[in-house]
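Structural description and commentary
Read off the chains here:
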Amino acid sequence: MRMMIAQLLLCVLVASQSVAIPRGVSKEASHRYTPTSDSSFTCLDGSRTIPFDAVNDDFCDCADGSDEPGTSACPNTRFHCQNEHHVAADIPSSRVNDGVCDYECCDGSDEYDGTVECIDFCFEMAEQENESAFVAQKVTEEGLTVKREYLAKKKAEDAQRLFDIAALEPEVAELKKIMDGYWEITNQLEAKERAIKSEYENSPESKIAPAESGEAETSDTPEEAIPDPPEVLAAKKAAQDARAEYNTHFNAYSAKYTQLETIQNLLKMDLGFDGGLGVLLNQCLEHHTHEYTYKLCFFDTAAQKGKDQFLETSLGNWNGFTGKDLTAFSGKNLKYTEGEFINGLGCWQGPQRSVRVSFECGAKNEIVSFSEPNKCEYAARVTTPGLCESDEDVANRGSHKAAAEAVKEVSQDDSKEHGRDATHESASGFENEHDEL
């Protein structure tokens, strides 16, 4: 028992002899400001050694200013505010005892010479930030609930889309095969029609016989054209029937291919790391001011309309996400925090209208602000559940993106295999071409 008491007294004695952390020094750096056995201090750059009582004596002894962490004596140095109950901060030492209570030093430690009295409001700041953090967390949780409900629905829809693609693929391929067959038949009959008509037009039968009297007849009425012979009419009808049949099959193929392409494009859309930004798909958000109504339709178009205007003015078409991937620098991928609409209606003596959009987590899809920082260059701030992420979501970004890319690859391969042949796009022009014959 006596030994334990002796040890306790020794600890108390050592504690009483310990030196307080010099003013302006952080707890993390305090070990560098412990006096040596001879009560000296060596400048942190090693340039010289001075008595320890010269630290914070309001005279700059060290070239690096390390002997004056708590005064403004040395230029280009920093003063550390402990800010108990809140977050510590550093300010330029030139602002120490300058008669201004700096907001960063909520504990008021930067003004200690008595010229002004700064209150310690660190506890209140901590409470305020905790309240803000609580509100932000609540918003994130509400947004995550909405996003997860959407992703569950999207997962089922994507599975159905893949099923629909598998069903449409053979149907589209068969329709294309039939269409190609009628394309060849139509080309052959078109060529035959032209050949028969050319042969007839160059034959004597196509010429008008001269008058028996040998004198030119005069008449105010125009001559009537000689009707085409039966063989020309038959060739023309066969070609027209073939064109009509081809157009029927072309339209059937186009309708099915468009249906397939629409589904494929939905699967190929870039909707964030986990597809959650699809909550904005087919959503038109509006923001009203005293003068205009602004409308952003994701992922399509942007427009504005004045209070007394009937028609909308285009602010651009969706051009994708434009945020930066800073993973290599800060570990943060900000790609989906920004996007843009471009190539809107041109301004008078100005650029084409455009909108830069910043996205952030929110409980609902909403335009919270809309401004025009430069002429006809707009900026919108949008909240959406699609950008809300938990720590687990952030950790799984890679696997989510890989799964999304795998689905895109399937739809892209199908698109290449069943793409429309450009030569068929002019099929509807057959009728115009043959109306001239």
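Located above this text is the structure these notes cover.
Now for a look at the structure at hand. (Residues numbered from 1 in each chain as written. Predicted model: local features only at pLDDT ≥ 70, side-chain atom pairs only at ≥ 80, totals over all residues. Heavy atoms only, no water.)

This part takes up the overall build of the protein. What the protein contains, in helices and strands, is seven helices and 14 strands. Counting only residues that meet the buried cut, the protein has 35% of its 437 residues in that class. Carbon together with sulfur atoms contributes 53% to the accessible area of the protein, which is approximately 26900 Å² in total. (Helix = DSSP H or I, 4+ residues; strand = E, 2+ residues; numbered from the N terminus. Buried < 20%, exposed > 50% of the residue type's maximum accessible area, 1.4 Å probe, protein only. Areas by Shrake-Rupley, 256 points an atom, 1.4 Å probe, with all protein chains shown as cover.)

Right, let's get into the sheet that holds strand 12 (residues 354-361). Here eight strands make up an open sheet; going across it, the order is 5-6-7-8-11-12-14-13 and the pairing mixed. Of all strands in the sheet, those bounded by a partner on one side alone are strand 5 (283-288) and strand 13 (366-374). This sheet shows a mean twist of 25 degrees between the axes of neighbouring strands, independent of strand direction. Relative to strand 11 (residues 338-342), strand 8 (residues 313-321) runs antiparallel, the two being bridged by three bridges. Opposite Trp318, over in strand 11, you have Phe341 as the bridge partner. (Pairing = 2+ DSSP bridges. Axes fitted to C-alpha atoms, helices over the stretch in contact; angles between N-to-C directions.)

Moving on, we get to the pattern of salt bridges. Enumeration according to the criterion identifies 18 salt bridges in this entry. Notably, a salt bridge pairs Asp158 with Arg161, separated by 2.8 Å at the nearest N-O pair. In this pair, Asp158 and Arg161 are both assigned in helix 2 (residues 122-201), three residues apart and thus about one turn of the helix distant. Asp158 gets classed as buried once you look at its relative accessible area, which sits at 14%. Judged by relative accessible area, Arg161 falls into the buried class, the value being 18%. (Salt bridge = Lys/Arg side-chain N within 4 Å of Asp/Glu carboxyl O.)

What follows deals with the packing of aromatic side chains. Within a pair of aromatic rings, the relevant descriptors are the distance that separates the centres and the angle that separates the planes. As enumerated under the stated definition, the model contains 21 aromatic pairs in all. When the ring of Trp318 is compared with that of Phe341, the centres are 5.2 Å apart and the planes differ by 65 degrees; the resulting orientation is edge-to-face. With a gap of 23 residues between them, Trp318 in strand 8 and Phe341 in strand 11 connect regions that are remote in the sequence. Using a relative accessible area of 19% as the deciding quantity, one classes Trp318 as buried. Over the ring of Tyr112 we find Arg23, and its NZ or CZ is 3.8 Å from the ring centre. (Phe/Tyr/Trp six-rings, centres within 6.5 Å; stacked < 30°, edge-to-face > 60°. Lys NZ or Arg CZ within 6 Å of the ring centre and 35° of its normal.)

Its 80 residues give helix 2 an end-to-end C-alpha distance of only 101 Å, which falls more than 12% under 118 Å, the value for a rise of 1.5 Å per residue. Considering bend angle alone, the principal kink of helix 2 is centred on Leu168 and spans about 30 degrees; proline Pro170 follows within four residues of it. (Expected span 1.5 Å × (residues − 1). Bend = angle between axes of the 7 residues up to and from the residue.)

The subject of this paragraph is the pairing of strand 14 (residues 377-384). Pairing geometry for strand 12 and strand 14, over eight bridges, is parallel. Each bridged residue has a counterpart across the sheet, and for Cys361 the counterpart in strand 14 is Thr384. Both strand 13 and strand 14 contribute to a ladder of six bridges, which runs antiparallel. Its bridge partner lying in strand 14, Phe370 is registered against Ala380. Hairpin remark: strand 13 followed by strand 14, antiparallel, with two residues in the connecting loop; positive phi at Cys376, about 60 degrees.

Further remarks concern the state of the cysteines. Chemically, a disulfide is nothing more than a covalent bond linking the sulfur atoms of two cysteines. Counted by the stated rule, this structure contains eight disulfides. The residue that forms a disulfide with Cys60 is Cys74, at a sulfur-sulfur distance of 2.0 Å. Residues Cys60 and Cys74 share a disulfide whose torsion about the S-S bond is about 120 degrees; that sign makes it right-handed. Of the two residues, Cys60 sits in the loop between strand 2 (49-51) and strand 3 (78-81) while Cys74 sits in the loop between strand 2 and strand 3, which places them 14 residues apart along the sequence. The exposure class assigned to Cys60 is partly exposed, which follows from its relative accessible area of 28%. Cys74 gets classed as buried once you look at its relative accessible area, which sits at 3%. Covalent S-S linkage joins Cys347 and Cys376, the inter-sulfur distance amounting to 1.4 Å. The chirality of the disulfide connecting Cys347 with Cys376 is left-handed, given an S-S dihedral of about -95 degrees. (Disulfide = S-S within 2.5 Å.)

If you look at the biggest cluster of nonpolar residues, it comprises 27 residues, and the most contacted ones within it are Leu296, Phe298, Val355, Phe359 and Phe370. At the level of elements, strand 6 (292-298), strand 8, strand 12, strand 13 and strand 14 are the ones that each hand at least two residues to this core. In this structure, Leu168, Leu175, Tyr246 and Tyr253 belong to the second largest nonpolar core, which totals 13 residues. (Core = buried A, V, L, I, M, F, W, Y, C linked by side-chain atoms within 4.5 Å.)

It is worth spelling out the environment of Glu312 at this point. Here Glu312 is to be found in the loop between strand 7 (301-306) and strand 8. The sequence separation of Glu312 and Tyr294 amounts to 18 residues, and the corresponding C-alpha distance is 9.4 Å. Filtering out sequence-adjacent residues up to four positions away, Glu312 remains in contact with Lys295, Ala303, Gln304 and Lys305. Among the polar contacts made by the side chain of Glu312, one reaches the side chain of Lys295 at a distance of 2.9 Å. (Contact = heavy atoms within 4.5 Å. Polar contact = N/O pair within 3.5 Å; in protein donor to acceptor, adjacent residues only side chain to side chain.)

Here the focus is the side chain of Asp67. When you line up the elements, Asp67 lands in the loop between strand 2 and strand 3. The buried charged residue Asp67 lacks any salt bridge partner; its closest oppositely charged side chain belongs to Arg48, at an N-O distance of 7.3 Å. A polar contact of 2.9 Å, which involves the side chain of Asp67, links it to the backbone nitrogen of Asp61. Leave out the neighbours within four places in its chain, and Asp67 touches Phe41, Ile50, Ala54, Val55, Asn56, Phe59, Cys60, Asp61, Cys62 and Cys74. (Lys, Arg positive; Asp, Glu negative; His and termini not counted.)

With that settled, consider the packing of helix 2 against helix 3 (residues 230-268). The contact between helix 2 and helix 3 brings their axes to 7 Å, and the two run at 160 degrees. By the criterion of interaxial angle, the relationship of helix 2 to helix 3 is roughly antiparallel. For the pair helix 2 and helix 3, the sense of crossing is left-handed. Of the residues that constitute the contact of helix 2 with helix 3, the class distribution is 26 nonpolar, four polar and 13 charged. (Parallel < 35°, antiparallel > 145°, perpendicular 65-115°, else oblique. Left-handed = near helix turned anticlockwise from the far one by under 90°. Nonpolar A, V, L, I, M, F, W, Y, C, P; charged D, E, K, R; others polar.)

By themselves these figures say nothing about function.
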